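Geometric and topological summary
Below, each chain spelled out in residue letters.
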Amino acid sequence: MSNGRNIFTCGGSLVAPGWVLSAAHCFGEGSSDNPADWTVATHIAKATMVGLPPGAETPVHDHLAWGLVGLYRGTQDEEIYARRNGALELVERRSLEAGDFYALLPPTDDIHRVRTTSAETSVSIHLLTNDTGCIWRHAFDPDSGEERPFRSGYVNVACEEDE
Ligand SMILES: [Fe+2]
């Protein structure tokens, strides 16, 4: 669950349709107690570990799924983009160290590029609500905003449609 800050805030349990039970401490110290301010991500379906060699970078891409990404080893720079009238706009650039994590919350916080800045391969752990290594999603030209089909293939088993 997150409360509008687009970061993981607390875990919860779906106890009935439309009802999530969470701990009382999740709602103190600046966290809203208005349910409309909260986002609940369910069905964490796939855990993936991704290694990115020194200096390597991903294309600008989306995920089409909610998820959490944590950096386990190394350092990375992340560029976050937003769609504006058919173009892409760089809205944030941040440096990540081991132990940092962020949420992917489409449609607004779903497009980024990651580059390893450490001398060692960076390793990140992804918990996503889809099979992000196998699904077709989008890569973008950051200058023109043009999108093309993209499948990362970051998997260690064959994708279902390839079997
Ligand atoms: Fe990504």
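Per chain, residue numbering runs from 1 following the sequence as it is written. For a predicted model such as this one, the threshold for reporting local features is a pLDDT of at least 70, and the threshold for listing and counting side-chain atom pairs is 80 or more; totals across whole chains, interfaces and linings nevertheless cover every residue. The basis for the side-chain values is all heavy atoms of the structure; hydrogens and waters are excluded.

Brief notes about a nonpolar patch on the surface
A cluster of nonpolar side chains, namely Leu14, Val20 and Val40, defines an oily patch on the protein surface of about 240 Å² accessible area. Here Val40 is to be found in the loop between β2 (19–21) and β3 (46–52). Taking the relative accessible area as the measure of exposure, Val40 reaches 34% and is therefore partly exposed. Within this analysis, patches are made of residues with over 30% relative accessible area and no salt bridge. Like charges are joined at 9 Å or less; nonpolar side chains (Val, Leu, Ile, Met, Phe, Trp, Tyr) at 5 Å or less. Note on areas: Shrake-Rupley, 1.4 Å probe, and residue coverage restricted to the protein chains presented here. For this document, the term salt bridge refers to a Lys or Arg side-chain nitrogen within 4 Å of an Asp or Glu carboxyl oxygen. Segments assigned H or I by DSSP are reported as helices when at least four residues long, segments assigned E as strands when at least two residues long, and all are numbered from the N terminus. Think of it in three bands: residues with accessible area under 20% of the maximum for their type are buried, residues over 50% are exposed, and the middle band is partly exposed, with areas taken using a 1.4 Å probe on protein chains only.

Points about the state of the cysteines
Note on disulfides: each one is a pair of cysteine sulfur atoms within 2.5 Å. For the structure on display, the rule yields one disulfide. The side chain of Cys134 participates in a disulfide bridge whose partner is Cys159; the two sulfur atoms lie 2.0 Å from each other. The chirality of the disulfide connecting Cys134 with Cys159 is left-handed, given an S-S dihedral of about -85°. Taken together, the positions of Cys134 in the loop between β10 (122–128) and β11 (137–140) and Cys159 in the segment after β12 (147–150) put the pair 25 residues apart, joining distant regions of the chain. In this pair, the class of Cys134 matches that of Cys159, namely buried.

Description of the pattern of salt bridges
This structure, assessed with the given rule, holds nine salt bridges. Linking Glu57 and Arg113 is a salt bridge whose minimum nitrogen-to-oxygen distance equals 3.5 Å. Placement of the pair is Glu57 in the loop between β3 and β4 (60–61) and Arg113 in strand β9 (residues 111–116), with a sequence separation of 56 residues. Judged by relative accessible area, which is 42%, Glu57 ranks as partly exposed.

A look at empty space enclosed by the protein
Using only the protein atoms, space was sampled on a 1 Å grid; points where a 1.4 Å probe fits but cannot get out form cavities, open sets with protein on both sides within 12 Å along at least five of seven lines form pockets, and lining residues are those with an atom within 4 Å of a point. Grid points are joined across faces, edges and corners, and a volume is the space filled by probe spheres set on the points. In this structure the tally under the stated criterion is one cavity of 30 Å³ or more. Along its surface, the largest cavity is lined by 21 residues, and Val50, Thr58, His61, His126 and Tyr154 are the ones closest to its centre. Residue assignment for the lining of the largest cavity shows that the elements contributing at least two residues are β3, β9 and β10. Side-chain classes are defined by residue name, with Ala, Val, Leu, Ile, Met, Phe, Trp, Tyr, Cys and Pro counting as nonpolar, Asp, Glu, Lys and Arg as charged, and the others, Gly among them, as polar. Looking at side-chain class alone, the lining of the largest cavity contains seven nonpolar, 13 polar and one charged residues.

Looking at the side chain of Thr48
Among the structural elements, Thr48 can be located in strand β3. Residue contacts are counted whenever heavy atoms from the two residues lie within 4.5 Å of one another. The contacts of Thr48, once residues within four sequence positions are left out, are Ser124, Ile125, His126 and Tyr154.

Some remarks on the pairing of strand β6 (residues 75–84)
Of all 10 residues in β6, seven are buried; the element is thus mostly enclosed. Pairing analysis gives 10 bridges linking β6 to strand β7 (residues 87–97), with the strands arranged antiparallel. Counterpart to Gln76 in the pairing with β7 is Leu96. Note on pairing: DSSP must find at least two bridges between two strands before they are called paired. Linking two consecutive strands that pair antiparallel, namely β6 and β7, is a turn of two residues; a positive phi of about 50° is found at Asn85 within it.

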